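So you can see what is in the structure, the chains are spelled out below.
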Amino acid sequence: MKFLDSLSYRKQIFIGFLVVALIPLLLSMCFSTYFYSVVFQHELETDGNRQIVELNERLTGFFDSSEQICKLLCEEELSAKALIDKVNDEYQKALYLTLYQNSATIPTDVLVSIYDIGGHLRFATSTQDAEEILPIYWGILGEAKRGKNQNYYITNSIANRNSNVLLQTVYTVENQKKVRMGYITMSLTKADFDQLFNGFFSQSDTIFVTDRQMNIIYCSSQNYGQSTIDMLQENEVPNNFWYSGAVEPTSGYHVILQKQSLISTAAKQGMFRISLFISFICLILCVIVSMILGKQLSNPIDKLNKAMELVKKGNLSIHVHTNQQNELGELTNNFNHMTEELSNHVDNMVRRQKDIQDMQIQLFQTQLNPHFLYNTLDSIKWSARIHHLEDISLMAENLAYILQNSIRKEQFIPLQGELDIIDNYIKIQQIRFNGKFTYEVEIPDDLVDCIVPKLMLQPIVENSIIHGLAEQEGGSISIYADQIGDTISINVTDDGVGMSQEIIDWLNTDNFMENEGHLGLYNVNKIIKLYFGRQYGITATVEAGIGTTVTIVLPIRKEKMP
Amino acid sequence: MGKQRGLCICIIMSIVLSLTACGDTGCQKFAQNPDLIVYTTLSKEIYEPIIREFENRSNQNVEVREETEEDIINELRAEKDKFPADIVFGMSEKNTQKNSKLFSCSRNFSSSSLVIIYNTNIVTYKELPEDFSSLCKEEWKGKIGFPNPEESPLYQGISEYVADNYGEEWKKYLSEFYTNIGKYADSTEEIVNGVNEGKYSLGVVTEEKAKTLLAQGSNVAYIHFGKKDCTVINTVAITKQQQHRVIAEDFLEFTLCDDVKQYLIEYLSYLPAEKVQRGGEHQ
């Protein structure tokens, strides 16, 4: 499996095709070839074994009939007559009749000869083929002469000059006192054997008859001979043939049947070649189909992979085109949707950052030269002290404090620091307005260290003094804070003339726009929303008899902010 | 994982083995070990009736291998104890005596005088061969009936005869005779029939065969090789490394029995060795 995992998807598909297509194909071909081979071989063997039994019985039948006829000739004294008297037509007729009546299993042209005790021919069914004299010391007559316990012999000895004779049987003719008078021989040629076995084997088969020493006596085909028998003895059997043999009980000779295999080697080779060809076609199809499928699968994946590489490098404008309606098409569409969303999100982030930068630039623009102003204010403070102008001195001191804190780098400070700045600012405004309004602060101790935007409260308090209290005699400003869940709510309340409904609506709107007359409130509100989220910011309420309350809602954070 | 792979390999191997195991030819039924191994230089028409008769009488299985005398001697010398022959049948007497150390026992089996037969209708009186040297004349080129010299024991006898009777030029005569031989005959019968029917003008056969032809009234006459007869004596010998001593001795005894001698004379036109005086002068 590790090997497969290391391969490309295309190769895995190819191997998969090979496994599911080629291997079952080859196995089925092997099994079908094997199955047919076994079936045909079984059929061949069954048929061959039956044939060999029949052929063997046929040969035994001939030997038995031959012996019986010879016996009959002796019992009817036809043989003795031939040995003693001259053969006339009447005798020949009687002998032929006996042969005809008893020759059911004997070939019609078999040569029957009668020899006297000296081996001289006395009668033959065919005088042309018969030997005039046979040696009584050699071959068939020699065997009969030497024999003592039986009258009937079979031999393939070579004693006669007639090379057409393949096999001979001999029967000893004896008189009533068991004295040998002569011999009756039957000689079988190839034609006789052919006739004997005719109908018991097919043309494609070959029959061999051999003696006990496996010397060939008869072969039904001219294409084979002793060399085939020698090969059989050496166990060198041609592949195309199947052999079966039986021993003939009377003679001890071997009857061998050679049958051509029903599936020849050429046919097997043909089947093998066809299998190879089909396997090759299958292999080609596997390659083509796996290439097409692999391409269909791997191309979108490659495209997505390349697109992801571009996304990794920051190109979010990439769009992968697809026409597919399947899972890969869905995956590609989701990818496109994801990049679009990601692009929008980044755009928003950039825009927000840009807004913060713009705000900071605006803040910087509102600051003239803070250090120069601080030094100047410090000079004014000391000059006023010299000239005993206490109010001017105090105003300059307070303003210098405010300026000093405002030009610090930190954008976020603890709430207590912001309250100190407001305290200084209130002192300046009380000098200006001759102390006609009062001021109070009520902040729980656990909230004074909450981190808030610097100069957050100054525009709101300024707004209360300038627009709420300036036009009336007396008044009060109170600042108090409260914790609501994980947020801090800081309220600046004045009991002045009240804020116009237009301004209240402007402040309470979610998407409030820049208002020229209330730049301070706008900036504070925007900073809070940019830094903490749109759910935070400034709201305002006006209640009859109580006054105007501007509420700042922030998340409670006590750690230092950037 | 390893077990699964092993199982798969076992299944595939068993399928392959079962596929290759098909096809029983049944040939093992016919294998027979020979009871006697005979190496012979004789032609099949000579040795086959004798071997067949011996097999029938003794019921032994004799395996015959045809070789030239030279090959048999070389193999006997080279392989010594491993040479499989029990009997060497038909080797010339001269070679048998020369290599007597290789044999435990040997006897002269047959002898035959070689003669030149000719077709009386084809060969004119003027062309009539006089002796062996006539066979070397160019006019008979391709017209002489003779077995393949490389396989024929007759050629061995002729070689010895020429070497003994033609002085220093014997090699020249022998070479010219070799060149003059026509298409090699497969058997003596082919030579005899070939001369009788005019296929060959001349032929070399045993004197007994020639006599048989004359008795049959064929158009054939014969002359001797020269003043001295060309006699070929064949032996039968038991090798020293024989594996079947008893049967080999039976075979040797059989080849020397009266039946074989009679058969040699009557049917093979050969004489038993004792009937011929070796190198006897022709009267």
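Nothing here was measured: the structure is a model prediction, and the numbers come from that model.

A. Up close: the overall build of chain A. Along the backbone of chain A there are 15 helices and 16 strands. With respect to the three principal axes, the spread of C-alpha positions in chain A is 195 × 45 × 40 Å. Relative to its 562 residues, chain A shows a buried fraction of 42%. Put simply, 62% of the contacts in chain A that link residues at least 6 apart link residues at least 24 apart.

B. Spotlight on the overall build of chain B. Summing up its helical and strand segments, chain B has 10 helices and nine strands in all. Contacts spanning at least 24 positions in sequence make up 77% of the contacts within chain B whose residues lie at least 6 apart. Working note: accessible area of chain B is about 14300 Å², and carbon and sulfur atoms make up 47% of it.

C. Spatial organisation of the packing of helix 11 (residues 390-406) of chain A against helix 12 (residues 415-432) of chain A. Residues and elements named next belong to chain A. Between helix 11 and helix 12, the least distance of the axes is 9 Å, while the angle of their chain directions is 150 degrees. The orientation of helix 11 relative to helix 12 falls into the category roughly antiparallel. For the pair helix 11 and helix 12, the crossing hand works out as left-handed. Counted together, Asp391, Leu394, Met395, Asn398, Leu399, Tyr401, Ile402 and Asn405 of helix 11 and Asp420, Ile421, Asn424, Tyr425, Lys427, Ile428 and Ile431 of helix 12 form the full contact between these two elements.

D. Spotlight on the packing of aromatic side chains. In total, this model carries 28 aromatic pairs over all chains according to the counting rule given. On the basis of an interplanar angle of 65 degrees and a centroid distance of 6.4 Å, the ring pair of A:Phe433 and A:Phe437 is categorised as edge-to-face. In this pair, the class of A:Phe433 matches that of A:Phe437, namely buried. An angle of 15 degrees between the planes, with centres 4.9 Å apart, marks the rings of B:Tyr263 and B:Tyr267 as stacked.

E. Geometry of the domain arrangement of chain B. All names here are of chain B. Looking at chain B, the domain boundaries give domain 1 (34-111 + 234-275) and domain 2 (112-230). The C-alpha-based centres of domain 1 and domain 2 are spaced at 26 Å. With 12 residues of domain 1 at the contact, the number on the domain 2 side is 15 residues. Approximately 1100 Å² of surface area, both sides summed, lies buried where domain 1 meets domain 2, with 49% of it carried by carbon and sulfur atoms. Broken down residue by residue, the surface that domain 1 buries against domain 2 is led by Glu45, Lys94 and Ser269, which jointly contribute 42%. At the junction of domain 1 and domain 2, the tally comes to zero salt bridges. Seen at the junction of domain 1 and domain 2, the total is zero residue pairs in polar contact (both at pLDDT 80 or more). Its residues assigned to classes, the side of domain 1 that touches domain 2 shows three nonpolar, six polar and three charged.

So, how was this worked out
- Residues numbered from 1 in each chain as written.
- Chains lettered and ligands numbered in written order.
- Predicted model: local features only at pLDDT ≥ 70, side-chain atom pairs only at ≥ 80, totals over all residues.
- Heavy atoms only, no water.
- Helix = DSSP H or I, 4+ residues; strand = E, 2+ residues; numbered from the N terminus.
- Buried < 20%, exposed > 50% of the residue type's maximum accessible area, 1.4 Å probe, protein only.
- Contact = heavy atoms within 4.5 Å.
- Areas by Shrake-Rupley, 256 points an atom, 1.4 Å probe, with all protein chains shown as cover.
- Axes fitted to C-alpha atoms, helices over the stretch in contact; angles between N-to-C directions.
- Parallel < 35°, antiparallel > 145°, perpendicular 65-115°, else oblique.
- Left-handed = near helix turned anticlockwise from the far one by under 90°.
- Phe/Tyr/Trp six-rings, centres within 6.5 Å; stacked < 30°, edge-to-face > 60°.
- Domains from an automatic or database assignment.
- Buried area = accessible area lost by both parts, 1.4 Å probe.
- Salt bridge = Lys/Arg side-chain N within 4 Å of Asp/Glu carboxyl O.
- Polar contact = N/O pair within 3.5 Å; in protein donor to acceptor, adjacent residues only side chain to side chain.
- Nonpolar A, V, L, I, M, F, W, Y, C, P; charged D, E, K, R; others polar.

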